[in-house]
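Fold and contact review
Each chain, written out:
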Amino acid sequence: MKVNRIERRRIEQTRKRVCAYVRVSTDSDEQEDSLVNQTSYFKRFIARHPEWEFAGIYADQGITGYSEKRPEFQRMLSDAREGKIDMIIVKSVSRFARNTETVLRVSREMKGLGVAIFFQLQNINTMTQAGELMLTILAAFAQAESESNSANVRMTIQNKFKKGEPVWNLAGLYGYTEDRDGEVIIDEDEAKVIRLMYNLAEEGIWASKIAGYLNEQRLLTRKGCNWSGGQVRKTLRHEAYKGDRILQKTFKDARRKTRKNTGEKDQWYLTDTHPAIVSREQWDAVQKVLDERSQAYTQKKPVEKKKHHPHSRYPLSGKLYCPYCGCLLYHKWETDQSFEYWMCSTRLKWSPESCPGVYVPAKFLKGWEGIDEELVVVQYKDEYGMDRVEAYPKVEWEQEHAYSNEFHRPKPEKKEKPKKRDVAKRKHPDTPEGRRYTRATYPHSKKLYCPYCGRVMIHKWDGGVPYWQCGSQRNHYKHPEEPICKMKYLPCEISDTWGRLEKPVTVIPFTDDVGNRFFTYMDKEEYEASEECLYGKD
């Protein structure tokens, strides 16, 4: 046996593309200097290795290591997936991430792509066998350290809450600012907008309509943006505008995500901590209006379906008129019986092109039941965009206004029915007086055949008028189980015009567009051989 050695293929050594990742958790000046120093250090560190090629610095500032939503961190991973990086250098595990799950998942992904991660302080390389074990232990320590620091911070904040010391400054809230001494004061220009919001809300104007009105008046937010309905609603609900504070409205869960505190954590309510922009009475009145509107949508009672007769009479039936066409308004119900309204009869019966009409919810007409005179109902939107309804006596309205869409019911066009051909009945000239024999022979006897069943047609009489009929109906009373052929009678006045027939023919009936019935004939053998033959197929 002969053994030959296959020499290994020599791989040409290329320079590794090495980058560095640095991170600081705050935006302070000291941390910014630290970020600059780390960046300069890693540039020099990579340059000292001739076998390495500098692939860039990825730096995040002011972002916690517990979050993966770091722009430079994600950009670095994206470049590594595209094959632009061979090695990542990080100062320590805590700078890379403070979440054990994130550290292990990313390091394994990079290892699968052939990208090494080198943690300089711990001297760990993820491409080595012992690297992942050490990395797991150190990542768990980093996470525990982060959670311990967070717990200490939360405890410090809660101690401040218990003492009634707010954590965040109220000067960042719209309507407030601070003086030179750092005391919270009212910003009068913004406070005018806040008071306007509360005044409109107390009158029943919706938050979305208030936002639209403020935007039209160019009363924008502090950042110069338009108001939204949610922002206005949040402002109307904020207790700070009556001089109070609620501490710990939000908290962070185990995954460091901010959650609204709905009873999971303790809260502290502080009264009269700063100057109020609106009075407590007005603030409470606005909350009542908002609660009533919210309950109308969130706590709808199940509707009991009732069948309303279309001709039912209501207290306002026959008294409300449309301002566009002058026709009556009809009372209607939605399909689920949850909403009732009044609508222009012209628009309802005909089309929106006939009259733009009015659509008035019944709740707008509460208190009108005792009115006896006829009223013209005018629907419009006020300056805040809210739907409003006003009524005017019909007599006074017609004196000052004309109906722009006065409706006249169109007269239906009478369609003339097409006249059918008059069939003149006549007696056969050869009709014998007295008894008529059923077996008499005629010129067309045994020459005419039915197109539906193929049977011979027989000669018949009806009140002295001769005609031809399919033979299947001759003995139907003897054999009622057999189906009757649908071939109708053939008047003899038509068959007489065909003259003398030498061969048997098949009678073919047809009808024109008007309904007149005509007959023609076709050679029997030729008919049976054609595709138009209706018998003998099966």
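Structural data are supplied above this passage.
Everything numeric in this text was worked out from a predicted model, so none of it was measured.

The rules behind the values
Sequence order sets the numbering: in each chain, residues are counted from 1 along the sequence as written. For a predicted model such as this one, the threshold for reporting local features is a pLDDT of at least 70, and the threshold for listing and counting side-chain atom pairs is 80 or more; totals across whole chains, interfaces and linings nevertheless cover every residue. The side-chain numbers reported here are obtained from all heavy atoms of the structure, hydrogens and water having been left aside. Where helices and strands are cited, they refer to DSSP runs of H or I of at least four residues and of E of at least two residues respectively, numbered from the N terminus. For the exposure calls, accessible area comes from a 1.4 Å probe over protein chains only, and a residue counts as buried if that area is under 20% of its type's maximum, exposed if over 50%, partly exposed in between. Any pair of residues with heavy atoms lying within 4.5 Å of one another is described as a contacting pair. Working definition of accessibility: Shrake-Rupley area with a 1.4 Å probe, residue cover restricted to the visible protein chains. Note on method: axes are straight lines fitted to C-alpha atoms, helices fitted across the in-contact stretch only, with angles between N-to-C directions ranging 0 to 180 degrees. Any angle between 65 and 115 degrees counts as roughly perpendicular, while under 35 counts as roughly parallel, over 145 as roughly antiparallel, and the rest as oblique. Gly counts as polar in this scheme, as do all residues outside two lists: the nonpolar Ala, Val, Leu, Ile, Met, Phe, Trp, Tyr, Cys and Pro, and the charged Asp, Glu, Lys and Arg. Strands are labelled as partners when DSSP assigns at least two bridges between them. For Phe, Tyr and Trp, where Trp contributes only its six-membered ring, two rings pair if their centres lie within 6.5 Å, and the inter-plane angle classes them as stacked under 30 degrees, edge-to-face over 60, or tilted in between. Only Lys NZ and Arg CZ are tested; either one counts as a charge over a ring when it is within 6 Å of the ring centre and within 35 degrees of the ring normal. Definition of nonpolar core: a set of buried residues of the types Ala, Val, Leu, Ile, Met, Phe, Trp, Tyr and Cys, connected through side-chain atoms within 4.5 Å. A pair is scored as a salt bridge if a Lys or Arg side-chain nitrogen falls within 4 Å of a carboxyl oxygen belonging to Asp or Glu.

1. Here we look at the overall build of the protein
Along its length, the protein carries 13 helices and 23 strands. Across the 538 residues in the protein, those meeting the buried criterion constitute 36%. Put simply, 55% of the contacts in the protein that link residues at least 6 apart link residues at least 24 apart. For the protein, the exposed area adds up to about 36,100 Å²; of that, 49% sits on carbon and sulfur atoms.

2. Some words on helix 7 (residues 207-216)
Of the positions making up helix 7, those classed as buried are A207, I210, A211, Y213, L214 and N215. Among the residues trailing helix 7, R218 stands out with phi positive, at a value near 60°.

3. Topic: the packing of helix 7 against helix 8 (residues 229-237)
At their nearest, the axes of helix 7 and helix 8 sit 8 Å apart, and the two run at 110° to each other. By the angle class used here, helix 7 and helix 8 are roughly perpendicular. From helix 7, A207, S208, I210 and A211 reach across to helix 8, where they touch G229, V232 and R233. Residue composition of the contact of helix 7 with helix 8, grouped by class: four nonpolar, two polar and one charged.

4. Points about the pairing of strand 23 (residues 517-523)
Of the strand pairs in this sheet, strand 22 (residues 505-511) and strand 23 are connected by seven bridges, and their pairing is antiparallel. Residue P509 lies in a different strand from strand 23, and its bridge partner there is F519. Linking strand 22 to strand 23, which pair antiparallel, is a turn of five residues; within it G515 sits at a positive phi near 115°.

5. As for the packing of aromatic side chains
What the rule picks out here adds up to 17 aromatic pairs. Here the aromatic residues Y21, F73, F96 and F119 are joined through ring pairs into a cluster of three or more. Directly above the ring of F73 sits R70, whose terminal nitrogen or CZ lies 4.2 Å from the centroid. The residue whose ring lies beneath K242 is W283, and the NZ or CZ to ring-centre distance is 3.8 Å.

6. Examining the nonpolar core
Residues M197, Y198, I210, W227, V232, L236 and Y241 are the most contacted members of the largest nonpolar core, which totals 29 residues. Looking at this core, the elements with two or more residues in it are helix 6 (188-202), helix 7, helix 8 and helix 9 (280-298). The element best represented in this core is helix 6, accounting for seven residues. When sequence neighbours within four positions are dropped, the list of residues in contact with V232 reads M197, A207, I210, A211 and W227. If you look at the next biggest cluster of nonpolar residues, it comprises 20 residues, including C19, M76, I85 and V103.

7. Some remarks on the sheet that holds strand 18 (residues 448-449)
Hydrogen bonds between backbone groups are what pair the strands of a sheet, and the pairing can be parallel or antiparallel. Across the sheet, three strands lie side by side as 18-22-23; this open sheet has mixed pairing. Each end of this open sheet is capped by a strand with a single partner; those strands are strand 18 and strand 23. Looking at chain direction, strand 18 and strand 22 are connected through two bridges and run parallel. Looking at strand 22, one finds that L448 is bridged to V505.

8. Quick look at the pattern of salt bridges
Within the structure shown, the criterion is met by 13 salt bridges. D291 is the partner of R237 in a salt bridge, and the nearest nitrogen-oxygen pair spans 2.9 Å. Taken together, the residues R237 in helix 8 and D291 in helix 9 connect sequence positions 54 residues apart. By relative accessible area, which is 34% here, R237 ends up partly exposed. You can call D291 partly exposed: its relative accessible area is 33%. The partner of K524 in a salt bridge is E528, with the nearest N and O atoms 2.6 Å apart. Within this pair, K524 and its partner E528 are both found in helix 13 (residues 524-529), separated by four residues, close to a single helical turn. Owing to a relative accessible area of 17%, K524 belongs among the buried residues under this scheme.

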